[in-house]
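# Residue-level structure breakdown
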Amino acid sequence: MKSFNTNEGKIAYFTMEIGLNPQMNTYSGGLGILSGDVIRSFADLEVPAVGVTQLNDRGYCKQILDEEGNQVYSEDVWNPEDYLERLSVKTSVEIEGKKVDVGAWQEEAESEGGFSVPVLFLDTNLEGNPEEHQNITSCLYRGDQKRRLKQEIVLGIGGARILKELDYEIRKYHMNESHSSLLTLELLKRYDMNRESVRDRCVFTTHTPESSGHDRFSYDLVKEVLGEFIPIKTLKDLSREEDLHMTLLALNLSGYANAVSKRHEEVTKEMFPGFPIDSITNGVHSSYWTSDSFKKLYDEYIPGWRKDHYKLKYAVRIPGEKIWKAHLDEKEKLIDYVNKKSDVEMNERVFTIGFARRATPYKRADLIFQNPDQLVKIDKEVGDFQIIFAGKPHPEGEESKKMIKKIKGHINDLKDNIEMTYLEDYDMGKAALMTSGADLWLNNPERGREACGTSGMKAACNGIPQLSTLDGWWIEGYIEDVTGWKIGSELGEKQENDRDVEANELYEKLTDKIIPTFYSQKKKWTQIMRNTIAHNASFFNAHRMVREYILNAF
Ligand SMILES: *Cc1c(COP(=O)(O)O)cnc(C)c1O
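About the cut-offs
- Residues numbered from 1 in each chain as written.
- Predicted model: local features only at pLDDT ≥ 70, side-chain atom pairs only at ≥ 80, totals over all residues.
- Heavy atoms only, no water.
- UniProt positions renumbered as here; feature names shortened; annotations may be inferred.
- Domains from an automatic or database assignment.
- Contact = heavy atoms within 4.5 Å.
- Buried area = accessible area lost by both parts, 1.4 Å probe.
- Salt bridge = Lys/Arg side-chain N within 4 Å of Asp/Glu carboxyl O.
- Helix = DSSP H or I, 4+ residues; strand = E, 2+ residues; numbered from the N terminus.
- Nonpolar A, V, L, I, M, F, W, Y, C, P; charged D, E, K, R; others polar.
- Near = heavy atom within 4 Å.
- Polar contact = N/O pair within 3.5 Å; in protein donor to acceptor, adjacent residues only side chain to side chain.
- Areas by Shrake-Rupley, 256 points an atom, 1.4 Å probe, with all protein chains shown as cover.
- Buried < 20%, exposed > 50% of the residue type's maximum accessible area, 1.4 Å probe, protein only.
- Pairing = 2+ DSSP bridges.
- Expected span 1.5 Å × (residues − 1).
- Right-handed = clockwise from strand over helix to strand, strands pointing away.
- Axes fitted to C-alpha atoms, helices over the stretch in contact; angles between N-to-C directions.

Per an unreviewed UniProt entry, the chain goes by Alpha-glucan phosphorylase and derives from candidate division MSBL1 archaeon SCGC-AAA382A20. In its Sequence similarities (unreviewed entry) section, the UniProt entry covering the chain states "Belongs to the glycogen phosphorylase family."

And the structure:
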């Protein structure tokens, strides 16, 4: 990596959200955490790069749940002055015919070796800006289409301009999701409307197979907010006739585009036929997501692993008892936390299932309650278990909020039989706690809808096996009985997602394999934990992912 030629400039990594510092609520979920892990890996691998994002100083959403599981919305405000340095640089964009100044704050991600990667947080809350435009950059994924378009003008166009103000030489502009696609238009103007020049400089990564996850704006709105920045006729040619589709714009003006798992590549090619789309499977930053007990263990048995995450392959050398001991230490921390935070009495000796993801119906946090009687029967007849849930919905996600209410209802109905809890306000800290303290990571999205999924990779860093439907990264990471277990088959073999069928398979796996192995075959269980590290943590990490970007995209 040292041979990366710095003379050719930096990689500019554009993202609407980022999980850089857990104290700064600048992310909503997987996309933001991934961006943080990419930046941390850029720093470790000494890749000359600069991140560009939105300030989001009023956060995304703080989740407060009442007894019945109703969600009360509140902003999640943090103070930039506590964490960031305000730069004196300024640029401007034009929004609704008015000049809007854009300033920036900076934070640097630094590697253990001292290499640092700056991240710029764009801010329109500046004196002199029209009042209605001061809060453009204040919070994430809130408000109407108009607000979103304004945010994307600031991120894409403002971001490209501020890099110029700061005299950055940029070798590639990497759009992490299409929120920043408008930067291609700024570059198009910079390069005399030469599309090839723009394509040479742009890389695009798409992260969702959900069509609602791809931003679209009507041309009426575009005219009103962006004006004739680029003739609408040209825009239609670069995107499509009906509306400004941000993913199509990015695809048309990027020299390289990728999906985030092999399966997601197939789905994306079906959604956007005719575009060459590669895939680079996501990864997590191993040392960031590895708990203290496992860090110690790896330091002892796998020297050099912090620099080179491939070395986790050598986990095969770690004795099973040591893995188990390290796991118990982390499990204790989680159980203590849960018992303090909720009115349950969980027990460290009991088999513990973790489920935590952004709360959205397709991820099906409620699947395990498809047949509550069956669940109670397993607990009584096969072996005791307890479940910890967490996950935030979008503040306006009515279906998601209903799902949480339903889960809280089940938890309450079954409370005399099974200890379960739904932790409030899922965030990076709780993710770290849960993906190092649970015995099993459960993941059961509807197949075809999960681009990749990363929480199971965090679990793998801590030797925790996964039980999951075959979607996203799990198609690449699962070896039955070796690194975990699958629910059902791949989509395509059996076309429909069927809740009853999949819930039954989930119960079967718990009954026939997972719970008996946990309680009666400790040696086999720790062998599975070791395999999870050796096979999956060694591969599904952000160092490997960034190396693939360097090789294939940059
Ligand atoms: C890792 C993480 C996610 C993403 O988890 P998925 O498995 O990809 O759904 C979401 N939110 C937080 C806080 C995380 O740490």
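And the narrative resumes.
Attention shifts here to the domain arrangement of the chain. Segmentation of the chain into domains returns domain 1 (10–214 + 246–283) and domain 2 (287–538). Listed as interface residues are 37 residues of domain 1 and, on the opposing side, 36 residues of domain 2. Counting the surface lost from both domain 1 and domain 2, the interface buries some 3,000 Å², and carbon and sulfur atoms represent 53% of this. Applying the counting rule to domain 1 against domain 2 returns four salt bridges. For Glu 210, the salt bridge identified is with Arg 449, shortest N-O distance 2.7 Å. Among the elements of the structure, helix H1 (30–44), strand E3 (62–65), strand E4 (71–74) and helix H9 (262–271) are those that each provide at least two residues to the side of domain 1 that touches domain 2. Partitioning the side of domain 1 that touches domain 2 into residue classes produces 12 nonpolar, 13 polar and 12 charged.

Neighbouring residues of the ligand: 14 residues in total, closest Arg 357, Lys 363, Thr 454, Ser 455 and Lys 458. At a separation of 2.5 Å, an oxygen atom of the ligand approaches a polar side-chain atom of Ser 455. Protein coverage of the free-state accessible area of the ligand, which is 390 Å², stands at 96%. Residue classes in the shell around the ligand are distributed as five nonpolar, five polar and four charged. Of the residues that make up the shell around the ligand, three or more belong to each of domain 1 (10–214 + 246–283) and domain 2 (287–538).

Let's shift gears to the pairing of E3. Here E3 shows one buried face, formed by Gln 63 and Leu 65, and one open face, formed by Lys 62 and Ile 64. By the bridge criterion, four bridges tie E3 to E4 in an arrangement that is antiparallel. Paired with Ile 64 across the two strands is Val 72, which belongs to E4. Connecting E3 to the next strand, E4, in antiparallel fashion are five residues, including Gly 69 with a positive phi near 95°.

Bringing H1 into the picture now. In an α-helix, one turn spans 3.6 residues, which is why side chains three or four residues apart end up on the same side. A rise of 1.5 Å per residue sets the reference length of H1, with its 15 residues, at 21 Å; its end C-alpha atoms lie 21 Å apart and thus fit the reference within 8%. Here H1 lies mainly inside the structure; 13 of its 15 residues are buried. Directly after H1, the chain includes Glu 46, whose backbone phi takes a positive value near 55°.

Quick look at the pairing of strand E14 (residues 351–356) now. By the criterion of burial, E14 is predominantly enclosed, with six of the six residues buried. Of the two faces of E14, the one holding Phe 351, Ile 353 and Phe 355 and the one holding Thr 352, Gly 354 and Ala 356 are both buried throughout. Chirality of the crossover, the property in question, places the unit of E14, helix H13 (residues 372–381) and strand E15 (residues 385–390) among those that are right-handed. With two bridges connecting them, E14 and strand E17 (residues 440–443) associate as parallel partners.

Applying the stated rule across the entire model yields 43 salt bridges. Note that Lys 146 is salt-bridged to Glu 224, the shortest N-O span being 2.8 Å. Of the two residues, Lys 146 is situated in helix H3 (residues 145–165) and Glu 224 in helix H6 (residues 219–225); the sequence distance between them amounts to 78 residues. With a closest N to O distance of 2.6 Å, Glu 196 and Arg 199 form a salt bridge. Of this pair, Glu 196 and Arg 199 are both found in helix H5 (residues 195–201), three residues apart, which corresponds to roughly one turn of the helix. Taken together, the shared-partner salt bridges connect Glu 96, Lys 146, Lys 150 and Glu 224 into one network.

Positioned with a positive phi, Tyr 141 is a non-glycine residue whose angle comes to about 50°. You can see Tyr 141 is positioned in the loop between strand E7 (116–123) and H3. Unlike most non-glycine residues, Asp 481 shows phi in positive territory, near 70°. Following the sequence through the fold, Asp 481 ends up in the loop between helix H17 (474–477) and strand E19 (484–487).

Moving on: the environment of Ala 315. For Ala 315, the location among the structural elements is in the loop between helix H11 (292–301) and helix H12 (320–341). Through-space distance from the C-alpha of Ala 315 to that of Ser 436 is 16 Å; in sequence the pair is 121 residues apart. Each residue touching Ala 315, except ones within four places of it in the same chain, is listed here: Ile 302, Arg 530, Ile 533 and Ala 534.

In a beta sheet, neighbouring strands pair by backbone hydrogen bonds and run either parallel or antiparallel. If you trace the six strands from one edge of the open sheet to the other, you get E16-E15-E14-E17-E18-E19, paired in parallel fashion. Taken across any chain shown, the strands that pair with only one partner, and hence form the sheet edges, are strand E16 (419–423) and E19. This sheet shows a mean twist of 20° between the axes of neighbouring strands, independent of strand direction. The pairing of E15 with E16 spans five bridges and is classified as parallel. Residue pairing in the sheet places Phe 389 in a bridge with Tyr 422 of E16.

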